[in-house]
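In case you want the letters, here they are:
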Protein chains: 2
Amino acid sequence: VKPIAVFDSGVGGLTVLKVLRSRFPDENFVYLGDTARLPYGSKNPKTIRLYLEQCLNFLNHYDPKAFVVACNSASTQVTEDQWMGKPIFNVIDPVVSIANQSSQTQRIGVIGTRATVQSQVFSKKLLDLNGAAHITEQECPLFVPLAEEGWVDDPITNLIAFRYLEKIRKAQVDSLILGCTHYPILAHSIQKAVGFEVQLIEAGPAIANLLQETLLIRTNENSDTVFESTGELKILVTDSSKHLNLWALNLLGLPDQFQIEWVHL
Amino acid sequence: VKPIAVFDSGVGGLTVLKVLRSRFPDENFVYLGDTARLPYGSKNPKTIRLYLEQCLNFLNHYDPKAFVVACNSASTQVTEDQWMGKPIFNVIDPVVSIANQSSQTQRIGVIGTRATVQSQVFSKKLLDLNGAAHITEQECPLFVPLAEEGWVDDPITNLIAFRYLEKIRKAQVDSLILGCTHYPILAHSIQKAVGFEVQLIEAGPAIANLLQETLLIRTNENSDTVFESTGELKILVTDSSKHLNLWALNLLGLPDQFQIEWVHL
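Residues numbered from 1 in each chain as written. Chains lettered and ligands numbered in written order. Predicted model: local features only at pLDDT ≥ 70, side-chain atom pairs only at ≥ 80, totals over all residues. Heavy atoms only, no water.

(A) How the structure looks around the interface of chain B and chain A. Counting residues at the interface gives 29 residues for chain B and 29 residues for chain A. For the chain B and chain A pair, buried surface summed over both sides reaches about 2,500 Å², with 58% attributable to carbon and sulfur atoms. Linking chain B to chain A there are four salt bridges. Between Arg-163 of chain B and Asp-154 of chain A there is a salt bridge; the shortest N-O distance is 2.7 Å. (Contact = heavy atoms within 4.5 Å. Buried area = accessible area lost by both parts, 1.4 Å probe. Salt bridge = Lys/Arg side-chain N within 4 Å of Asp/Glu carboxyl O.)

Structure below.
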């Protein structure tokens with residue numbers, strides 16, 4: 001059975017993969033983390049597009065049934081619905097759609113890397129859906145290294161979250177988009193900093209809903225079901241780091257002997 | 001007059017360039033920051049060596065009189081004294097030499113990125129010089145993003161420094177090697193965390209001393225003096241980020257209209 005290809009600049013997209021595996025336990029997945037070239041967040045859009053194309057073309061060798069670009073920085077450069085004739089999903093559109101549905105007050109916050117926030121991609125798409133939305137954006141460059149350091153629900157992380165999210169808190173949003181796939185790891189610190197009444201909206205569940213709708217329709221047409229697959233998992237990285245490999249296995253609950261493959265694009 | 005080529009994975013090496021320019025104000029410099037592929041710190045040694053070679057070969061087009069690898073992660077992969085027939089300096093050897101001279105108690109600390117610390121390059125070289133040295137190493141992965149965020153002499157940075165440096169403080173070192181070129185930016189927080197009696201040893205002054213000895217000898221032999229040059233400066237980056245460009249200009253005290261050039265290797 002053809003796998004679902006999940007791409008990220010590094011290991012943050014594993015939070016999306018984790019949700020997808022738990023929602024679709026029998027699906028096959030191939031994950032590519034471009035760890036040799038992370039972070040994409042600080043890079044120029046043209047560079048990001050170039051790297052994205054290289055990675056999608058590499059993943060295409062696994063003959064996936066769909067591509068999921070589980071990286072917000074890379075998602076800003078996904079301009080098509082199909083890649084090599086297969087559906088491609090970015091993580092921005094489904095998150096924007098859910099944020100728009102979830103918000104009662106139309107006051108929505110967005111946090112992400114510097115590149116994602118400066119691109120204003122979330123606010124532009126939110127305003128396309130709802131011109132009356134009041135959007136507050138904040139870049140949080142230290143969140144990715146904090147998540148990768150494993151300082152989760154830590155007093156220092158809480159302090160940094162409190163500082164970064166002051167503007168969001170003051171804007172009295174009722175929904176906050178976690179515009180970076182690393183951020184669900186810090187969800188508890190973020191939630192404390194903005195208040196427990198604020199709804200956090202993350203990519204994993206949003207993209208899982210979209211895949212379930214889209215791929216079930218496709219598989220029904222092909223007399224095939226999504227759930228017949230054997231649940232194989234491949235994790236590929238463009239550079240191998242002992243720390244990030246262990247971090248990845250821990251996040252996904254995989255055994256230490258699971259082999260993360262080092263590939264060259 | 002031939003420039004001195006300074007290479008770093010990103011913008012941290014600018015702390016070295018800053019010291020070199022202030023020590024040799026009339027020298028020409030060409031700086032290459034491989035910002036498209038930073039950070040090197042988390043990458044595999046083989047990948048770092050490949051990138052280093054590409055960058056040195058690119059810098060060689062400027063016909064430099066010497067190469068300075070102002071990046072500790074890349075310096076771990078410099079195994080030769082000459083590159084393309086020109087002297088090449090890494091930032092590790094001169095720092096190790098000064099630490100060994102400066103320490104009275106032979107208790108020396110080393111801080112750096114995860115890759116630099118895990119390579120144990122500083123402790124191996126220190127022990128080669130002085131088998132009786134007692135070395136304590138600590139990786140500090142958040143220091144680079146904190147420096148790039150501009151959170152200098154900040155309560156949060158002080159807290160993080162205090163946490164990272166607890167082991168160093170307890171080891172009662174009298175000298176501490178700042179084994180990453182970003183770290184001088186956070187020197188005040190680091191100094192507070194380890195105590196003001198500890199001598200911080202950084203790459204810039206160490207490499208400046210070595211260049212002065214070596215290049216003055218060379219230039220005397222060639223009837224040329226180091227100080228006749230016109231003090232031109234070129235800064236090249238493999239990816240252009242508005243935030244890091246402004247940060248670089250600010251660090252070096254350059255005017256906003258100074259052009260940082262975007263190059264493709």
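Right, picking up where we left off after that structure.
(B) Representation of the relation of the copies chain B and chain A in the model. Rotating chain B by 180° about the axis while translating it 0.0 Å along that axis superimposes it on chain A, leaving an RMSD of 0.0 Å. Accordingly, the operation relating the two chain copies is best matched by a two-fold axis. Measuring from the rotation axis to each C-alpha of chain B, the shortest distance belongs to Arg-37 of chain B, at 2.6 Å. An overlap of 100% is found between the interface residues of chain B and their copies at the interface of chain A, pointing to a shared contact surface. (Least-squares fit on C-alpha atoms with pLDDT ≥ 70 in both.)

(C) Highlighting the packing of aromatic side chains. Evaluated as defined, the whole model comprises twelve aromatic pairs over all chains. For the ring pair Phe-7 of chain B and Tyr-40 of chain B, a centre distance of 6.1 Å and an interplane angle of 50° mean the geometry is tilted. Pair noted here: Phe-7 of chain B is in strand S1 (residues 4-8) and Tyr-40 of chain B is in the loop between strand S2 (29-33) and helix H2 (45-60), with a separation of 33 residues, a long-range link. Per residue, the accessibility class of Phe-7 of chain B equals that of Tyr-40 of chain B, and both read buried. With a centroid separation of 5.7 Å and an interplanar angle of 55°, the aromatic rings of Tyr-40 of chain B and Tyr-51 of chain B are classed as tilted. Of this pair, Tyr-40 of chain B sits in the loop between S2 and H2 while Tyr-51 of chain B sits in helix H2, placing them eleven residues apart in sequence. In terms of burial, Tyr-40 of chain B and Tyr-51 of chain B fall into one category: buried. Among the aromatic residues, ring-to-ring pairing joins Phe-143, Tyr-164 and Tyr-183 of chain A together with Trp-151 of chain B into one connected group. (Phe/Tyr/Trp six-rings, centres within 6.5 Å; stacked < 30°, edge-to-face > 60°. Helix = DSSP H or I, 4+ residues; strand = E, 2+ residues; numbered from the N terminus. Buried < 20%, exposed > 50% of the residue type's maximum accessible area, 1.4 Å probe, protein only.)

(D) How the structure looks around the sheet that holds strand S10 (residues 233-237) of chain A. Residues and elements named next belong to chain A. One open sheet holds the seven strands; their spatial order is S4-S5-S3-S1-S2-S10-S11, and the pairing between them is mixed. Looking at strand neighbours, the two that pair on one side only are strand S4 (82-83) and strand S11 (261-262), the edges of this open sheet. Bridge analysis of strand S1 (residues 4-8) against strand S3 (residues 66-69) gives four bridges, and the strand direction is parallel. Within the sheet, the bridge partner assigned to Ile-4 lies in S3 and is Ala-66. In the packing of helix H1 (residues 14-23) onto the sheet, the strands contacted are S1, strand S2 (29-33) and S10, and the crossing angle to S2 comes to about 175°. (Pairing = 2+ DSSP bridges. Axes fitted to C-alpha atoms, helices over the stretch in contact; angles between N-to-C directions.)

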